[in-house]
Amino acid sequence: MSAIPPQEYPDRVGFAPDGPQDFTPYIPPERQMRELTWGPLLLGTLLGIIFGASSLYLVLKVGLTVSASIPVAVISITFFRLLHKMGRRDATILENNVVQTAGSAGESIAFGVGVTMPAILILGFDLEITRVMLVAVLGGLIGILMMIPLRRALIVAQHGLLKYPEGTACAEVLKAGASKESRDAASEEAKREQEALGGAGTSAKTIFTGFGIGLVYKAVMVAFRGWRDTPEKVFGPPFQAASISAEISPELLGVGYIIGPRIASIMCAGGVLAYLVLIPMIKYFGSFAAGAIPPEGSTLIKDMSPGAIRNAYVLYIGAGAVAAGGIISVLRSLPIIWHGLKGGLQDFKGVKGDTGKKNVARTDRDMSMKVVLIGIIALILVIAFANPLYFGGTGVTARIAAAFLIIVFGFLFVTVSSRLTGEIGSSSNPISGMTVATLLLTCLIFVVLGWTGSNYFVTALSIGAIVCIASSNGGTTSQDLKTGFLVGATPSYQQIAILVGALASAVVLGPILLFLNAKGAVYVPVGTTIAEGIHAGKVQPGETVDVSTLHRQEKVEGRIYSGAKDDKTYWVWHRQDPSGGNAEKYLVDQTGHPVYFVDPGINGTIRKLANGESLQKYDAPKATLMSYIIKGILGGKLPWGLVLLGAMIAIVLEMSGIPSLAFAVCVYLPLSSSSPIFIGGMIRWLVDRWISGTKFRGRQLSEEQLTAEGDKSPGVLMASGYIAGGAIAGILIAFIQGADVMAKFNDAIAAKSEHNPFFNGESANLLALIPFAIIIILLYLTGRESILAHRESET
């Protein structure tokens, strides 16, 4: 979505020109109607979990998410409208607002979890369910509780100054789909506005159609192997090792459409640099080397495939570019972050009055400040006295220090995030940059204190993760409260709804993260030769470990590369790479000899089994960035030459006026992930040209108004459906394929796919593009309103 340019603000925080004294919400404060009821709360919580799961899937794949508030609001309106047709009562506008409030929490928590927690694997620790859930719950609740005292200052007092673009847009959706009961109870101002707009309604037909298409398409492609999911072309001499590929999935196509052509093009350019410049260049020069070039241990570059070159060299360059891009984004945002912090502190000091008094208007009743403060203190105590293993096994002093840093950085960045969300929107809010800043400051503090052991890696990461989730959820909470302010909701009811939604999503997203990692993992016997030149781990021949230093045992819990079975129990060894690369997990026998290399689903490199079956892997680019910051500062072990090359690429981009972070993320990601995003962006470009050149020809609309029309087009709803449907299908397929009862079905599908020309054979790469072209055309026609155009909702 397009960024909203920052505006000039007065030095002194005060009321906007069209401030609250002149504003009447859609439902006036004196009107009473159903709001926080069980049905909407449960529906919102369920939708929050669903969209949170799809957002987690996306952030692991490509490092970004999309806003869930508007899709959740549209689904809620349609769901209760269908119940009304079946003889049940329709939901009020305030009940629909509770649904979108509870439903939006999952997406923001998913972003924080996906950006930070997979780094635990890279640092050489296991993803434990209790650790992930604790961090998610703490971050989600802290973000909400710290935002509540700022509501009256940020949302009410500065109405008209802080625009909160996504929250305002969601309010318009809710008003457009309001039930007859809600329209009758609306203020006179709202009724006049409705008449001026011609009584336009809304429909979820488009988003549900997109959801169905995305779900069916992904299921046929992946579960039934209807066609090849990643067509690829690897070039030979003179352009040896160069390759192009595309993961032709509906969710990535939808992401590209929503973020627009500029960012989509910049992202794909990063993949082009990696796969069409860096990899073939390394192959060309490295082919003349007589020995292996560090950090690769033994394989000559002339014997390496494009994938092996990427894993050995380009990933470090990409990580350096992402790190530099994140730091630069923080530095460039310092003026606005300082403005947000200064204004937010003034806002916090300016909170006056007891909102719990009975004479306070319904639309100005917050949760009791006593409840908020008690909740924050309780969370601090949980952090300080939690199981030491959740924070890397550090002592109570380190955990108390962690609690202190979380509260300081949490308050700082929740305040900044809430204010920046109002100024530039959630889509442009630099949460990743704030997390990078938190990690940098935390690691530097740890270095000063002498806390540089590997056990402090997890402590630093846990601090960054909780602050990241808190900042993300604080911004989301402020958008929801803005929506509620515009439609006339009761703030305390909204705050309860988002607390419930956040808690439920935090509890569920942890197991989903672990599940996705486990289902993509593969156990490779040490010494196995992997196709494409990829090694089964970096353990050296004859290398052993003293089992008396190991503390945990486990059995083979996933698929073995060769297809064999093994029910023995082994010791777990997390081997740290001496050259600074990612830590690796091995299962070793009683004598200390490694038996299996465990390639994880997240950040794993082995993408196919010996029989050719594909494995779902998640590159988690931003989690890799977080781990490299921690290892680089606390551990001091990184291939700095490659990392600095990436950093210089980011600096060159910034000097050229190109945002480096979006570009850098896709230097790290496979080109197959960014190319469908680019295609989606190009479809959006064509639709926007139609909007400006045909639909509104002669209207003399400004650039901002044309952008807003594009954001409201049916194509955005269809793209949102593609994202949700494709992502949910991916998660369901992972569940189903991992079940033992599906083994025979999977074998039968695999046998049939051998004779399917769309999946196997010389023409498979080309034929697989046909179904992808169909959903591209559908998206384009929907954006142009040629099909699935909006219809006026029934009254």
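Described in the following lines is the structure provided in the data block.

About the thresholds
- Residues numbered from 1 in each chain as written.
- Predicted model: local features only at pLDDT ≥ 70, side-chain atom pairs only at ≥ 80, totals over all residues.
- Heavy atoms only, no water.
- Helix = DSSP H or I, 4+ residues; strand = E, 2+ residues; numbered from the N terminus.
- Buried < 20%, exposed > 50% of the residue type's maximum accessible area, 1.4 Å probe, protein only.
- Contact = heavy atoms within 4.5 Å.
- Areas by Shrake-Rupley, 256 points an atom, 1.4 Å probe, with all protein chains shown as cover.
- Salt bridge = Lys/Arg side-chain N within 4 Å of Asp/Glu carboxyl O.
- Pairing = 2+ DSSP bridges.
- Axes fitted to C-alpha atoms, helices over the stretch in contact; angles between N-to-C directions.
- Parallel < 35°, antiparallel > 145°, perpendicular 65-115°, else oblique.
- Left-handed = near helix turned anticlockwise from the far one by under 90°.
- Expected span 1.5 Å × (residues − 1).
- Patch = residues over 30% accessible without salt bridge, like charges linked within 9 Å, V, L, I, M, F, W, Y side chains within 5 Å.

## A short note on the overall build of the chain
Step number 1: What the chain contains, in helices and strands, is 27 helices and eight strands.
Step number 2: Counting only residues that meet the buried cut, the chain has 57% of its 795 residues in that class.
Step number 3: Here the contacts in the chain between residues at least 6 apart in sequence split such that 80% fall between residues at least 24 apart.
Step number 4: Total accessible area on the chain stands at roughly 31800 Å², and carbon and sulfur atoms take up 63% of it.

## Quick word on the pattern of salt bridges
Step number 1: With the rule as written, the count across this model stands at 15 salt bridges.
Step number 2: Note that Arg 34 is salt-bridged to Glu 181, the shortest N-O span being 3.3 Å. Of this pair, Arg 34 sits in the segment before α1 (38-62) while Glu 181 sits in helix α8 (residues 180-185), placing them 147 residues apart in sequence.
Step number 3: You can call Arg 34 partly exposed: its relative accessible area is 22%.
Step number 4: Its relative accessible area of 35% is what places Glu 181 among the partly exposed residues.
Step number 5: Put simply, Asp 599 and Lys 617 hold a salt bridge, and the shortest N to O gap is 2.7 Å.

## Overview of the sheet that holds strand β5 (residues 559-560)
Step number 1: Reading across the sheet, the six strands line up as β4-β6-β7-β8-β3-β5 and stay open at both edges, with mixed pairing between neighbours. Two strands bound the open sheet, and with one partner strand each, they are β4 (553-555) and β5.
Step number 2: Both strand β7 (residues 584-588) and strand β8 (residues 594-599) contribute to a ladder of four bridges, which runs antiparallel. Each bridged residue has a counterpart across the sheet, and for Tyr 586 the counterpart in β8 is Phe 597.

## A look at the packing of helix α5 (residues 129-147) against helix α14 (residues 369-384)
Step number 1: Where α5 contacts α14, the axes come no closer than 10 Å and their chain directions differ by 155 degrees. In terms of orientation, α5 lies roughly antiparallel with respect to α14. As for how α5 packs across α14, the hand of that crossing is left-handed. Contacts between α5 and α14 pair Leu 134, Leu 138, Leu 141, Ile 142, Leu 145 and Met 146 from the former with Val 372, Gly 375, Ile 376, Leu 379, Val 382 and Ile 383 from the latter.

## A look at α14
Step number 1: The end-to-end C-alpha separation of α14 is 23 Å, in line with the 22 Å expected for 16 residues at 1.5 Å each.
Step number 2: Among all positions in α14, only Val 372, Gly 375, Ile 376, Leu 379, Ile 383 and Ala 384 are buried.

## Things to note about the side chain of Thr 476
Step number 1: Within the fold, Thr 476 resides in helix α17 (residues 455-487).
Step number 2: What makes Thr 476 buried here is its relative accessible area of 11%.
Step number 3: Residues within four places of Thr 476 in sequence aside, it is in contact with Ser 104, Glu 107 and Ser 108.

## A few points about the pairing of strand β6 (residues 569-575)
Step number 1: With respect to burial, β6 is a largely interior element, five of its seven residues being buried.
Step number 2: Here β4 runs beside β6; their pairing, made up of three bridges, is antiparallel. Within the sheet, the bridge partner assigned to Lys 555 lies in β6 and is Thr 569.
Step number 3: Pairing analysis gives five bridges linking β6 to β7, with the strands arranged antiparallel. Each residue of the ladder has a partner; that of Arg 575, found in β7, is Glu 584.

## A look at a nonpolar patch on the surface
Step number 1: Among the surface-exposed residues, Val 277, Met 281, Tyr 284, Phe 285 and Phe 288 lie close enough to one another that they form a single nonpolar patch of about 580 Å² accessible area.
Step number 2: By secondary structure assignment, the location of Phe 285 is in helix α12 (residues 261-286).
Step number 3: Assessed through its relative accessible area of 56%, Phe 285 is described here as exposed.

## Observations concerning unusual backbone geometry
Step number 1: Put simply, Pro 237 and Pro 238 share a cis peptide bond, and its omega is 5 degrees.
Step number 2: Of note, the phi angle at Arg 225 is positive, near 50 degrees, even though the residue is not glycine.
Step number 3: Along the chain, the position of Arg 225 falls in the loop between α10 (205-223) and β1 (232-234).
Step number 4: Positive phi, normally seen in glycine, also occurs at Asn 603, with a value near 70 degrees.
Step number 5: Judged by relative accessible area, which is 13%, Asn 603 ranks as buried.

## Notes on the packing of α12 against helix α21 (residues 660-668)
Step number 1: In the contact formed by α12 and α21, the axes pass within 7 Å of each other and the chain directions differ by 40 degrees. Taken together, α12 and α21 sit at an angle that is classed as oblique. In terms of crossing hand, the pair formed by α12 and α21 is right-handed. Contacts between α12 and α21 involve Ile 263, Ile 266, Met 267, Ala 269, Gly 270, Gly 271, Leu 273, Ala 274 and Leu 278 on the former and, on the latter, Ala 662, Phe 663, Cys 666 and Val 667.

These figures capture arrangement, not role.
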